[in-house]
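Understanding the architecture of this molecule
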Amino acid sequence: MIFMDPTSDIGFKKLFANMAHKDILISFLNSVLERTEGNKIIDVTLNDPNNLPEMREAKMSIVDVRCTDQKGHQYIIEMQVDTQKHYALRAQYYSSIALSRQLAKKENYEELVPVIFIGVLDFALFNNNPHYVSHHFILDSKTHAHELKHLEFHFIELKKFNKEVDEDSSIIDKWIYFFKHAATLQKIPSSLKNPEIKEAFDVLERGNWSLAELEAYDRYLDERRSYAGKIQYAEEKAEEKKALEIAKNLLDILDISTIATKTGLSVEQIKKLKNKNK
């Protein structure tokens, strides 16, 4: 069996933006938000049901799904592949916009409903926090009372997750393992055969994708590889520029062979640099 990458644009949208599989979305939300019986999300509707994965190409490293639960609470679920320096600020900005836009339809502040942001990140966002799942609320600094309840943020940092899962693992650990490893698995591990996670594997199984979806996925992979190549080239050019600056400062101190050894540059590069600076 071949499973498509759940962190890809089309894979993420097939999992969470399809009401035919809304049990997947509900299970994921309840696990991330640590909802217990009596407080669980039992139903959701997509805020943008027409934004299906096969309708768009992967042009961005951010893909989101927005939905509303049975109480009217709004959820923004994002998958972020590439490191983004100000991602925490972005999460707050877009959540605030989602909250403020509710007044376009409602006149009274008391009718505002909470906006809950969930970010699934393929990089480490909080370097001083060792936990791979973090929950952020607006709390009173002294009493820790949670009185301001209309904005909250939850982040999953996949890079920090290095655990194996078994039958006794928490449901959130199983979901995170699924996100991190599904694309490299050839069969569904016995520890991940919860009904909703098994359904998620079925959604990602290559044989269940249409030709148009497979072509869109191939375009996504091509763009990811192209982007990675550009980043690598930029980093290599930056390292070369730094090495040339060091070599330039060593021209009057060391011989060409030694400079090449110290900087990693070729003898030919050092000779050209020396001739240029005569």
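Here the structure is a predicted model, which is why all the values come from computation and not from measurement. Going along each chain's sequence as written, the residues are numbered from 1 onward. In view of the model being predicted, local features appear only for residues whose pLDDT reaches at least 70, and side-chain atom pairs are presented and counted only at 80 or more, with totals across whole chains, interfaces and linings using the full set of residues. Excluded from the side-chain calculation are hydrogens and water; included are all heavy atoms of the structure.

1. Quick look at the overall build of the chain
Assigned secondary structure in the chain consists of eight helices and six strands. Helical segments are the DSSP runs of H or I of at least four residues, strand segments are the runs of E of at least two, and each set is numbered from the N terminus. Listed by position from the N terminus, the elements making up the chain come as α-α-β-β-β-α-β-β-β-α-α-α-α-α. With respect to the three principal axes, the spread of C-alpha positions in the chain is 75 × 50 × 40 Å. Accessible surface is estimated by sampling points in the Shrake-Rupley manner with a 1.4 Å probe; for residues, cover comes only from the protein chains shown. Entry remark: accessible area of the chain is about 16,200 Å², with carbon and sulfur atoms responsible for 50%. Averaged over its 39 positive side-chain charges, the chain has a centre that lies 7 Å from the centre of its 43 negative ones. Only four residue types enter the charge count: Lys and Arg as positive, Asp and Glu as negative, with His and the chain ends excluded. Lys charges are placed at NZ, Arg charges at CZ, Asp charges at CG and Glu charges at CD.

2. Details of the confidence of the model for the chain
Per-residue confidence for the chain averages 85 on the pLDDT scale, and 92% of its residues sit at or above 70. Across the chain, each position has a pLDDT score giving the predictor's confidence in that residue, from 0 to 100. Working rule for contacts: check all heavy atoms of both residues, and any pair within 4.5 Å makes them a contact. In this model residues 51-61 is a low-confidence stretch, pLDDT under 50, and it forms 25 contacts with partners more than four residues away in sequence or in other chains.

3. Notes on the side chain of Ser-95
By secondary structure assignment, the location of Ser-95 is in helix H3 (residues 87-100). Setting aside anything within four residues of it in sequence, one finds Ser-95 in contact with Ile-76, Val-115, Phe-117, Leu-151 and Phe-153.

4. Looking at unusual backbone geometry
A positive phi angle, near 55°, is found at Glu-34, a position not held by glycine. Tracing the backbone shows Glu-34 in the loop between helix H2 (22-32) and strand E1 (44-46). In the Ramachandran plot, His-144 falls in the positive-phi region, its phi being about 65° despite a non-glycine side chain. In this structure, His-144 sits in the loop between strand E5 (133-138) and strand E6 (148-157). Three labels apply to residues, based on accessible area from a 1.4 Å probe with only protein chains included: buried if under 20% of the type maximum, exposed if over 50%, partly exposed otherwise in between. With a relative accessible area of 56%, His-144 lands in the exposed category.

5. A short note on the nonpolar core
Within the largest apolar cluster, 52 residues are counted, with the highest numbers of intra-cluster contacts made by Phe-16, Phe-28, Leu-29, Ile-156, Phe-178 and Phe-201. Residues within four places of Phe-201 in sequence aside, it is in contact with Phe-3, Phe-178, Ala-182, Leu-185, Ile-188, Pro-189 and Leu-192. Grouped together as the second largest cluster of nonpolar side chains are 14 residues, Phe-117, Leu-121, Leu-125 and Leu-151 included. As used here, the term nonpolar core means buried Ala, Val, Leu, Ile, Met, Phe, Trp, Tyr and Cys residues forming a set that is joined through side-chain atoms within 4.5 Å.

6. Focus on helix H4 (residues 171-181)
For H4, a buried count of eight out of 11 residues is recorded, marking the element as mostly surrounded by other parts of the structure. Turning to H4, its buried residues number three or more, namely Ile-172, Asp-173, Lys-174, Trp-175, Ile-176, Tyr-177, Phe-178 and Phe-179. Buried-residue contacts for H4 involve helix H1 (9-16), H2, strand E4 (115-121), E5, E6 and helix H5 (195-204).

7. Description of the environment of Met-1
Tracing the sequence through the fold places Met-1 in the segment before H1. Sequence separation between Met-1 and His-144 is 143 residues; the distance between their C-alpha atoms is 48 Å. Contact partners of Met-1, with chain neighbours within four places excluded, come to Leu-185, Gln-186 and Glu-205.

8. Here's the deal with the pattern of salt bridges
Note on definitions: salt bridges are taken to be side-chain nitrogens of Lys or Arg within 4 Å of carboxyl oxygens of Asp or Glu. One pass over the structure, following the stated rule, counts eight salt bridges. When the shortest N-O distance is used, the salt bridge between Glu-37 and Lys-40 registers 3.2 Å. By relative accessible area, Glu-37 is classed as exposed at 65%. Among the ionic pairs, Asp-173 bridges to Lys-163, the shortest N-O distance being 2.6 Å. In this pair, Asp-173 is assigned in helix H4 and Lys-163 in the loop between E6 and H4, connecting sequence segments 10 residues apart.

9. Re the packing of aromatic side chains
Aromatic pairing here means that ring centres of Phe, Tyr or Trp (its six-membered ring) are within 6.5 Å. Orientation follows from the plane angle: under 30 degrees is stacked, over 60 is edge-to-face, and everything else is tilted. With the rule as written, the count across this model stands at 20 aromatic pairs. A centroid spacing of 5.5 Å and a plane angle of 75° characterise the contact between Phe-126 and Phe-155, whose relative ring orientation is edge-to-face. Pair noted here: Phe-126 is in the loop between E4 and E5 and Phe-155 is in strand E6, with a separation of 29 residues, a long-range link. Phe-155 gets classed as buried once you look at its relative accessible area, which sits at 3%. Counting as a charge over the ring demands two things of the Lys NZ or Arg CZ atom: a distance within 6 Å of the ring centre and an angle within 35 degrees of the ring normal. Geometry around Trp-209 places Lys-14 over its ring, the cationic atom sitting 5.4 Å from the centre.

10. A word on the side chain of Glu-199
By the element assignment, Glu-199 lies in helix H5. Although Glu-199 is buried, it makes no salt bridge; Lys-198 carries the closest opposite charge, 9.4 Å away. Those residues in contact with Glu-199 that sit more than four places away from it in its chain are Ala-20, His-21, Asp-23 and Ile-24.

11. Digging into H3
Expected helix span is given by 1.5 Å per residue-to-residue step, counting one fewer step than there are residues. Taking 1.5 Å of rise per residue, 14 residues should cover 20 Å, and H3 covers 20 Å from first to last C-alpha, within 8% of that figure. Taken together, the buried positions of H3 are Tyr-87, Arg-90, Ala-91, Ser-95, Ile-97, Ala-98 and Leu-99.

12. Examining the packing of H4 against H5
Helix axes use the C-alpha atoms of the stretch in contact, all axes being lines fitted to C-alpha atoms, and the angles between their N-to-C directions lie in the range 0 to 180 degrees. Closest axis-to-axis distance for the H4/H5 pair is 11 Å, and the angle between their directions is 10°. Comparing the axis directions of H4 and H5 gives the class roughly parallel. In contact with Ile-171, Lys-174, Trp-175 and Phe-178 of H4, H5 contributes Glu-196, Ile-197, Ala-200, Phe-201 and Leu-204. Comment on the angle field: the value is read as roughly parallel under 35 degrees, roughly antiparallel over 145, roughly perpendicular from 65 to 115, and oblique elsewhere.

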